[in-house]
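Observations on the model geometry
Below, each chain spelled out in residue letters.
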Amino acid sequence: MVRSFTDLPLTPAMRDAIAGAGYSIPTPIQAQAIGPILEGRDLIGCAQTGTGKTAAFTIPIVELLAGAGSRLAGQGGSGPRALVLAPTRELALQIAETFDMLGGGCGIRTVVLIGGESMGPQLNALQKRPAVIVATPGRLFDHLERRTASLGSLRIVVLDEADRMLDMGFAPQVERILRVTPLDRQTLCFSATMPLPVEKLVRHHLVRPMRVEVGVIAKPVAKVTQVLYRAETQGKTPLLLRLLNEERGRTLVFTRTKHRADRVARAVLAAGHRVTRLHADRSMPQRREALDGFRSGRYRVLIATDIAARGIDVPEISHVVNFDLPHTPEDYIHRIGRTARAEANGRASSFAAPEEGDQLRAIERHLGHPVPRAAGSVN
């Protein structure tokens, strides 16, 4: 039973890095995954959003890269040893930050290859021979097509948020990328859910993988208080403004479209709240500024679409608002999982217009019970 990082086969230097990063005790996914990864096992990790999956693979990869004489350190020339594929730019940047935090002190260099940024700086970073590449599939595939990146020296590949990556249409690029990596690589797949396309990917590319499942997959975090408000579409903005006035704390608001995100953000700003936006039409510098400002507290409210918000890792989000209900129950779970992280309490409010009845019924079937109605709300 792993109760502490000292129970894992980690070097003193790695334990110091873990402490410096602010990790006190391993989360369940970390406790179960780190040891097998250090042993070289292929692994499938299933856990909810916010359970520490990033550190579950970053810690052992850094340990293997830094360890003198390890199977990842010093083999086969000077190309990259580890590759992490992520579905969104924001998630890729978050993963790279974790690698820098845990491995920067021992000289492990990480490069981020994402769309929305010019090729020039990425080419310069690749020429410095990083040990780790963190990339979105589309941009990495661009580099492979241009022959500006080579994966022949890889020893370990991570597919993070595999379900979302395939949902977003990246399956062809992921398959082509895996085909040009060494056959004797170690492969790790982390996913909140395991739909058929992910199972198919796992069968084709992982060898006798160990499965690590933490909690009930695709169910809400227990400490999230869920509330449903019945509201006509035109009544949603006044309702949001009322909730923002009644409560304090960092609030993440999900809308279905980027145009609605812009419109809602204008209304929230006009009401005197510090607000920013995150969606696909915003440039990469704008998206970084929005996330950094939300994380630091410069903005109290972040209005986001699902795809853009996939990589959000912001502590102390007290309230998630589903301004529009998501299309799938899985997206509902991902959204509300952005609050009540690290054992904190959180609130998730959902606005349901009459035309969103199908989405609401699907969510409640998945949950196995109705979403509690707000006081005065009519079923």
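Note that this is a predicted model, so its numbers are computed, not measured.

1. As for helix 3 (residues 53-66)
Its 14 residues place the ends of helix 3 20 Å apart at the C-alpha level, agreeing with the 20 Å of an ideal helix rising 1.5 Å per residue. Counted residue by residue, helix 3 has 13 buried out of 14 residues, so it is predominantly covered.

2. Quick word on helix 14 (residues 329-336)
The element helix 14 is extensively covered by neighbouring structure, given that 7 of its 8 residues are classed as buried. Here helix 14 has its buried residues at Pro 329, Asp 331, Tyr 332, Ile 333, His 334, Arg 335 and Ile 336. One side-chain oxygen at the N-terminal end of helix 14 lies 3.1 Å from the backbone nitrogen of Asp 331; it belongs to Thr 328.

3. Details of the side chain of Thr 251
Along the polypeptide, Thr 251 turns up in strand 9 (residues 250-254). The buried category is assigned to Thr 251, whose relative accessible area is 2%. Those residues within four positions of Thr 251 in sequence are excluded, and the remaining contacts are Leu 244, Phe 294, Arg 300, Val 301, Leu 302, His 319 and Val 321.

4. Describing the sheet that holds strand 1 (residues 43-46)
With respect to topology, 7 strands assemble into an open sheet ordered 3-4-2-5-6-1-7, the strand pairing being parallel. A strand with exactly one partner marks an edge of an open sheet, and here the two such strands are strand 3 (110-113) and strand 7 (210-213). Strand-to-strand twist of the sheet, defined as the mean angle between neighbouring strand axes without regard to direction, takes the value 15 degrees. In the sheet, strand 2 (residues 82-85) pairs with strand 4 (residues 132-135) via 4 bridges, with the strands oriented parallel. Paired with Leu 85 across the bridge in strand 4 is Ala 135.

5. Some thoughts on the environment of Asp 292
In this fold, Asp 292 is placed in helix 12 (residues 284-296). Measuring from C-alpha to C-alpha, the distance between Asp 292 and Val 314 comes to 9.2 Å, with 22 residues separating the pair along the chain.

6. Looking at the packing of aromatic side chains
Following the criterion strictly, the structure yields 3 aromatic pairs and no others. Here the aromatic rings of Phe 57 and Phe 190 are separated by 5.4 Å at their centres, their planes lie at 50 degrees, and the arrangement is tilted. With Phe 57 in helix 3 and Phe 190 in strand 6 (residues 186-191), this residue pair connects regions lying 133 residues apart in the sequence. Taking relative accessible area as the criterion, Phe 57 reaches 0% and is therefore assigned buried. We classify Phe 190 as buried; its relative accessible area is 0%. Every member of this aromatic cluster is reached through a ring pair, and the members are Tyr 229, Phe 323 and Phe 351. Over the ring of Phe 294 we find Arg 250, and its NZ or CZ is 5.9 Å from the ring centre.

7. Quick notes on the pairing of strand 9
Most of strand 9 sits out of view: 5 of its 5 residues are buried. Side-chain alternation along strand 9 places Arg 250, Leu 252 and Phe 254 on one buried face and Thr 251 and Val 253 on a second face that is also buried. Here strand 9 runs beside strand 12 (residues 317-322); their pairing, made up of 5 bridges, is parallel. Across the sheet, Phe 254 pairs through a bridge with Asn 322, a residue of strand 12. When strand 9 meets strand 11 (residues 301-304), the two strands line up parallel, connected through 4 bridges.

8. Quick look at the packing of helix 2 (residues 28-38) against helix 3
One way to put it is that helix 2 packs onto helix 3 with a least axis distance of 9 Å and a crossing angle of 30 degrees. Between helix 2 and helix 3, the angle falls in the class roughly parallel. Crossing handedness for the pair helix 2 and helix 3: right-handed. Residues Ile 29, Gln 30, Ala 33, Ile 34, Ile 37 and Leu 38 of helix 2 form the contact with helix 3, whose participating residues are Lys 53, Ala 55, Ala 56, Phe 57, Ile 59, Pro 60, Glu 63 and Leu 64.

9. Let's talk about the sheet that holds strand 13 (residues 346-352)
Judged by pairing direction, the sheet is parallel, and its 6 strands sit side by side in the order 8-13-12-9-11-10 without closing on themselves. Here the strands that pair on one side only, and so sit at the sheet edges, are strand 8 (224-230) and strand 10 (275-278). Shown here is a sheet whose adjacent strand axes are inclined to one another by a mean of 20 degrees, direction ignored. In this sheet, strand 13 lies alongside strand 12 in parallel orientation, the contact comprising 4 bridges. The residue of strand 13 that forms the bridge with Val 321 is Ser 349. On the sheet, helix 10 (residues 236-246) packs against strand 8, strand 9, strand 11, strand 12 and strand 13 and is oriented at approximately 160 degrees with respect to strand 13. Helix 14 rests against strand 8, strand 9, strand 12 and strand 13 of the sheet, and its axis sits at about 155 degrees to strand 12.

10. Brief notes about the nonpolar core
Of all hydrophobic cores here, the largest spans 45 residues; its most connected members are Leu 10, Phe 57, Ile 59, Phe 99 and Phe 190. Elements with a contribution of two residues or more to this core: helix 1 (12-20), helix 2, helix 3, strand 2, helix 4 (89-103), strand 4, strand 5 (156-159) and strand 6. Among the nonpolar cores identified, the runner-up in size contains 20 residues, and Leu 241, Ala 265, Val 301 and Ile 303 belong to it.

What counts and what doesn't
Residues numbered from 1 in each chain as written. Predicted model: local features only at pLDDT ≥ 70, side-chain atom pairs only at ≥ 80, totals over all residues. Heavy atoms only, no water. Helix = DSSP H or I, 4+ residues; strand = E, 2+ residues; numbered from the N terminus. Expected span 1.5 Å × (residues − 1). Buried < 20%, exposed > 50% of the residue type's maximum accessible area, 1.4 Å probe, protein only. Polar contact = N/O pair within 3.5 Å; in protein donor to acceptor, adjacent residues only side chain to side chain. Contact = heavy atoms within 4.5 Å. Pairing = 2+ DSSP bridges. Axes fitted to C-alpha atoms, helices over the stretch in contact; angles between N-to-C directions. Phe/Tyr/Trp six-rings, centres within 6.5 Å; stacked < 30°, edge-to-face > 60°. Lys NZ or Arg CZ within 6 Å of the ring centre and 35° of its normal. Parallel < 35°, antiparallel > 145°, perpendicular 65-115°, else oblique. Left-handed = near helix turned anticlockwise from the far one by under 90°. Core = buried A, V, L, I, M, F, W, Y, C linked by side-chain atoms within 4.5 Å.

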